[in-house]
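Below, each chain spelled out in residue letters.
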Amino acid sequence: MSKNYPYIVRCNECEFVSEVFLDEKLALNERDFHCLEKLHAASIWRYAWENWTLVTELSGVELH
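Every chain is numbered independently, its residues counted from 1 as its sequence is written. Only residues with pLDDT of at least 70 are given local features in this predicted model, and only at 80 or more are side-chain atom pairs given and counted; all residues enter the totals for whole chains, interfaces and linings. As a rule here, side-chain values cover all heavy atoms of the structure and leave hydrogens and water aside.

### What about the confidence of the model for the protein chain?
Low-pLDDT portions of the prediction should not be read for the details of their coordinates. Confidence of the predictor at the level of single residues is given by pLDDT, which spans 0 to 100. Scored by pLDDT, the protein chain comes out at a mean of 88, with 91% of its residues at no less than 70. Secondary structure elements are defined from DSSP: runs of H or I of at least 4 residues count as helices, runs of E of at least 2 residues count as strands, and each element is numbered from the N terminus. The least confident element of the protein chain, judged by mean pLDDT, is strand β5 (residues 61–62) at 72; the most confident is strand β1 (residues 7–11) at 96.

So, in structure tokens, the structure goes:
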């Protein structure tokens, strides 16, 4: 997985979407911060090959 792709964080329970493209580490931090602050479930999305896809693995760790 390339770290050069832009990522966004989207909440599954409210209208929150990160305002800027993030790198892999910042996406994980943003998701964790939103989840802990709001007690919501958020997901990370990656833009690659002209398409947004749900990320299930970052830094070799499977996301839930």
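### Some thoughts on the pairing of strand β2 (residues 42–48)
Working note: regular strand, side chains alternate between the two faces of the sheet. Each residue is placed in one exposure class: buried if its accessible area under a 1.4 Å probe, protein chains only, is under 20% of its type's maximum, exposed if it is over 50%, and partly exposed if it falls in between. Of all the seven residues making up β2, five are buried; the element is thus mostly covered by neighbouring parts of the structure. Any two strands are treated as partners once DSSP identifies two or more bridges connecting them. Bridge analysis of β1 against β2 gives five bridges, and the strand direction is antiparallel. Along β2, the bridge assignment pairs Tyr 7 with Arg 46. In the sheet, β2 pairs with strand β3 (residues 51–54) via four bridges, with the strands oriented antiparallel. Within the sheet, the bridge partner assigned to Tyr 47 lies in β3 and is Trp 52. In this antiparallel pair of consecutive strands, β2 and β3, the connection spans two residues, and Trp 49 shows a positive phi of 55°.

### Quick look at the packing of aromatic side chains
Pairs were defined over the aromatic rings of Phe, Tyr and Trp, the Trp ring being its six-membered one, requiring ring centres within 6.5 Å. Orientation was assigned from the angle between planes: stacked under 30 degrees, edge-to-face over 60, tilted for the rest. Under the criterion given, the structure shown has three aromatic pairs. With 5.4 Å between their ring centres and 55° between their planes, Tyr 5 and Trp 49 make a pair best called tilted. Highlighted residues: Tyr 5 in the segment before β1 and Trp 49 in the loop between β2 and β3, separated in sequence by 44 residues. Overall, Tyr 5 belongs to the partly exposed group, its relative accessible area being 23%. Summarising the aromatic geometry, the rings of Phe 21 and Trp 52 are spaced 5.8 Å apart at their centres and angled 45° between planes, so their arrangement reads as tilted. Of this pair, Phe 21 sits in the loop between β1 and α1 (24–38) while Trp 52 sits in strand β3, and the two are 31 residues apart along the sequence. Relative accessible area serves as the criterion here: at 58%, Phe 21 is assigned to the exposed category. In this structure Trp 52 comes out as partly exposed when scored by relative accessible area, which is 30%. The ring of Trp 45 carries Arg 10 above its face, with NZ or CZ at 5.8 Å from the centroid. Throughout this description, the term charge over a ring refers to an Arg CZ or Lys NZ atom that lies within 6 Å of the ring centre and within 35 degrees of the ring normal.

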